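# Results of the structural survey
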Amino acid sequence: MSDVTSVDGPASPSHPQQTGGLDAPRPADPAAPTGGWPTDQAPPHPGSPHPGAPHPGSPYPGAAAYPVAEPDRLTRFVVRLYERSPRWAVPLAALGCVAAGIGYALISDPTRSAPDAAPTCLLKLTTGLDCPGCGGTRALWYVLHADLPAAARHHFLFVFALPFLAYLFVAWAGRQAFGWRLPELRISSRVIGVFLASWLAFTILRNLPWAPFTSLYV
């Protein structure tokens, strides 16, 4: 027996999945291309060993993996030496460099050396102008001999920064070698910027040929 229809049109189907036509939704085909790469996976890169694989250390989940370059022999040697050396070796090496600079200042006596004595400042030798570091070795020599006015006369900013540099070195070396926890000296980027600007202004003023700036020339 055929289905009974009303006068308004054919009977509606018993299940919505039985409908057909152009407007009906079709099931997704797993093998069909999606038109692009998944959102959680990057497209393959020509140099990647596993195209599309996420990089383990990347903050982006879709970043492709890249081969890690092997360190050269010198780098491996330095890393092994650092790992096997005692904790006081690096501070001791830094202290040796500082002691070498102090010893050179004491032996050479820069206060009695000729302006063109080797080693000399190339800028001052060629132009006659004081460079930003001119007078620093003489200032160190005077500091070691407890003559602070003469040291400040040759390089005021070096004498000013010397206590801060010494404290930073002692705090770092003590923490590295003995585990000391000295109060940390926090130096912001603004303070560093002000110091560098002051150093630049000091370098310019000491080269001006007018009094009282001529007293800063060394």
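Cut-offs applied
- Residues numbered from 1 in each chain as written.
- Predicted model: local features only at pLDDT ≥ 70, side-chain atom pairs only at ≥ 80, totals over all residues.
- Heavy atoms only, no water.
- Helix = DSSP H or I, 4+ residues; strand = E, 2+ residues; numbered from the N terminus.
- Buried < 20%, exposed > 50% of the residue type's maximum accessible area, 1.4 Å probe, protein only.
- Axes fitted to C-alpha atoms, helices over the stretch in contact; angles between N-to-C directions.
- Parallel < 35°, antiparallel > 145°, perpendicular 65-115°, else oblique.
- Left-handed = near helix turned anticlockwise from the far one by under 90°.
- Contact = heavy atoms within 4.5 Å.
- Nonpolar A, V, L, I, M, F, W, Y, C, P; charged D, E, K, R; others polar.

With an omega of 5°, the peptide bond running from Ala211 to Pro212 counts as cis. Locating Pro212 in the fold gives a position in the segment after α7 (189-205). One non-glycine residue, Ala146, lies in the positive phi region at around 60°. Inspection of the secondary structure puts Ala146 in the loop between α4 (136-144) and α5 (148-154). Classification of Ala146 by relative accessible area gives exposed; the value is 67%.

Attention now goes to the packing of α4 against helix α6 (residues 156-178). In the contact formed by α4 and α6, the axes pass within 9 Å of each other and the chain directions differ by 55°. Comparing their axes, α6 and α4 come out oblique. The interaxial crossing formed by α4 with α6 has right-handed handedness. Between α4 and α6, the contacting residues are Gly136, Ala139, Leu140 and Val143 on the first element and Phe158, Val159 and Leu162 on the second. Looking at the contact of α4 with α6 residue by residue, the classes come out as six nonpolar, one polar and no charged.

What follows deals with the environment of Ala89. Along the chain, Ala89 turns up in helix α2 (residues 89-108). Accessibility expressed as a relative area gives 24% for Ala89, which makes it partly exposed. Along the backbone, Ala89 and Gln176 are 87 residues apart, and their C-alpha atoms lie at a distance of 9.1 Å.

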